Amino acid sequence: MFASLTLSNMAVSHVQTRGSFADLIARLQLGLVARAQRKALARLDAAALADIGVSRAAAEIEAARPLWDVPSNWLR
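Remember, it's a predicted structure, so these values are computed and weren't measured experimentally.

Visitor: Account for helix H2 (residues 20-43), with residues named and values stated.
Guide: Given a rise of 1.5 Å per residue, 24 residues ought to cover 34 Å, and the 35 Å separating the end C-alpha atoms of H2 matches this to within 8%. Among the residues making up H2, those that are buried are Ala26, Leu30, Gly31, Val33, Ala34, Gln37, Arg38, Ala40 and Leu41.

Visitor: Would you mind going over the pattern of salt bridges in detail, with residue names and values included?
Guide: By the definition in use, this model includes 3 salt bridges. Note that Arg38 and Glu62 form a salt bridge whose closest N and O atoms lie 3.0 Å from each other. Highlighted residues: Arg38 in helix H2 and Glu62 in helix H4 (residues 56-63), separated in sequence by 24 residues. You can call Arg38 buried: its relative accessible area is 5%. Residue classification places Glu62 among the partly exposed residues on the basis of a relative accessible area of 25%. Residues joined by salt bridges that share partners form a network here, namely Arg38, Glu62, Arg65 and Asp69.

Rules used in this analysis
Residues numbered from 1 in each chain as written. Predicted model: local features only at pLDDT ≥ 70, side-chain atom pairs only at ≥ 80, totals over all residues. Heavy atoms only, no water. Helix = DSSP H or I, 4+ residues; strand = E, 2+ residues; numbered from the N terminus. Expected span 1.5 Å × (residues − 1). Buried < 20%, exposed > 50% of the residue type's maximum accessible area, 1.4 Å probe, protein only. Salt bridge = Lys/Arg side-chain N within 4 Å of Asp/Glu carboxyl O.

Quick look at the structure:
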C-alpha cells in the first residue's frame, strides 16, 4: 500500500507538464496508479477495511470506478 502512495505522488508531480501528449500520458499514469490502489483496496480483508474505516460496500464501489476517474486533487 505504501508503495502505491509513493507512485501516486510521483505520478501527480508529472501532471504539471505542458503539452497535450504529455498531459495524456500523465493522466494515463494517474489512472494506472489509481487502478492499482483500487485493486489493493478490493483485496483487503474485513479486518483491514475496519482498521481504515471503510466498509466492504464502499471498497467495492471504489474498486469499480473507471480508470480515468481519479481524485481531482491529483490533477492539480
